[in-house]
Every structure is written in structure tokens, then in C-alpha cells.
Amino acid sequence: MKLLAIRDKNGITIPVVPMSDYIDCKVLASTTHESIAVPSGMAFCCITPSADVYVKRHNTSFAVPSADVEDGTAPLFVPAGASRLVQLGSITHLGFVSSDACNATLEWFE
């Protein structure tokens, strides 16, 4: 994946992630764990949900946190409308859960 850069009208350089040629959309039901297999050869995923979602690096079921998690096993929070670029490494699945029904767009990069 190659990051691009543009300059705004004030001369500030802004990094840009190009649109991927491989995009999935995961439809999530409220409070229901869903997982997706990482496509072969992909190194990065840009996650953009339509509602707040929690993401983990596996397909083992988990729930929206309702208490403190202080042992390193908490899921990653991705707020509604935000995009989060994740380096995949050896990850084979991504797991998702949301308090609300929503869509999560997944842009995959080699």
C-alpha cells in the first residue's frame, strides 16, 4: 500500500490513503458478534463503520464492553464515521460487534 500526499490551500501536506480495489461491507446486527476472514495477501484494512463498533483480531465471539478491561484483551473502538487503518500482520480474521445495527466498510490493501 502506498500512501499519497496532497497540499491544501494553506500549504499543509496531508497524507492520503488511496481508495482500494478490494472493498467489503459487513452488515452488523445489534449486539451480535460477526467475523470476516482476511482476504489472502492483504496487509492492511481500513475500517469505516456507520455506528460505533468494537473490533478484535480473531473470530472468537465477544460482546460490547460493559465493564473495565485491564488485561490487554479489550477490543479496539472505532467511532461511527471514523476510518481506522489497521496493519494485519498474521491476523486471519477480524471480529466485530456494535450496540447498534450498522454497516462497516472494509477496504483491503496489499
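Note: the structure precedes this text.
Thresholds applied
Residues numbered from 1 in each chain as written. Predicted model: local features only at pLDDT ≥ 70, side-chain atom pairs only at ≥ 80, totals over all residues. Heavy atoms only, no water. Helix = DSSP H or I, 4+ residues; strand = E, 2+ residues; numbered from the N terminus. Polar contact = N/O pair within 3.5 Å; in protein donor to acceptor, adjacent residues only side chain to side chain. Contact = heavy atoms within 4.5 Å. Pairing = 2+ DSSP bridges. Axes fitted to C-alpha atoms, helices over the stretch in contact; angles between N-to-C directions. Salt bridge = Lys/Arg side-chain N within 4 Å of Asp/Glu carboxyl O. Buried < 20%, exposed > 50% of the residue type's maximum accessible area, 1.4 Å probe, protein only. Core = buried A, V, L, I, M, F, W, Y, C linked by side-chain atoms within 4.5 Å. 1 Å grid on protein atoms, 1.4 Å probe; cavity = no way out; pocket = protein on both sides within 12 Å on 5 of 7 lines; lining within 4 Å. Points joined across faces, edges and corners; volume = space filled by probe spheres on them. Nonpolar A, V, L, I, M, F, W, Y, C, P; charged D, E, K, R; others polar.

(A) Local environment of the side chain of Ser98. Note that Ser98 resides in the loop between strand 9 (93-97) and strand 10 (102-109). There is a polar contact of 2.8 Å between the side chain of Ser98 and the backbone oxygen of Asp100. Among residues more than four places away in sequence, those in contact with Ser98 are Leu28, Ala29, Ser30, Thr31, Ala51, Asp52, Val53 and Val64.

(B) Looking closely at the sheet that holds strand 7 (residues 76-78). A sheet is described by the order of its strands in space; here four strands give the open sequence 4-9-6-7, paired in antiparallel fashion. At either margin of the open sheet sits one strand with a lone partner, and together these are strand 4 (34-37) and strand 7. Mean inter-strand twist for the sheet, computed between neighbouring axes without regard to direction, equals 30°. Bridge analysis of strand 6 (residues 53-56) against strand 7 gives three bridges, and the strand direction is antiparallel. Across the sheet, Val53 pairs through a bridge with Val78, a residue of strand 7.

(C) Molecular detail of the pairing of strand 2 (residues 13-16). Sheet topology note: the strand 1 (residues 4-7)/strand 2 ladder contains four bridges and is antiparallel. Opposite Leu4, over in strand 2, you have Val16 as the bridge partner. Linkage of strand 1 to strand 2, two consecutive antiparallel strands, is achieved through a turn of five residues, within which Gly11 is found at a positive phi near 85°.

(D) Up close: the pattern of salt bridges. Evaluation of the coordinates by the stated rule reveals one salt bridge. Glu34 is the partner of Lys26 in a salt bridge, and the nearest nitrogen-oxygen pair spans 3.7 Å. For Lys26, a relative accessible area of 18% puts it in the buried group.

(E) Summary view of the nonpolar core. Counting 18 residues, the largest nonpolar core has Ile47, Leu88, Leu94, Phe96 and Trp108 as the members making the most contacts within it. Counting residues per element, the ones that place at least two in this core are strand 5 (44-49), strand 6, strand 9 and strand 10. Take this core: its biggest share by element is three residues, from strand 10. Excluding residues within four positions of it along the chain, Leu94 makes contact with Glu34, Ser35, Ile36, Cys45, Ile47, Val55, Lys56, His58, Leu88 and Trp108.

(F) Looking closely at the layout of surface pockets. Counted as a void, the largest pocket has a volume near 150 Å³. Lining the largest pocket we find Val55, Lys56, Arg57, His58, Ala74, Leu76, Val86, Gln87, Ile91 and Leu94. Where the lining of the largest pocket is concerned, the elements lending two or more residues are strand 6 and strand 8 (84-87). Among the residues forming the lining of the largest pocket, the class breakdown is six nonpolar, two polar and two charged.

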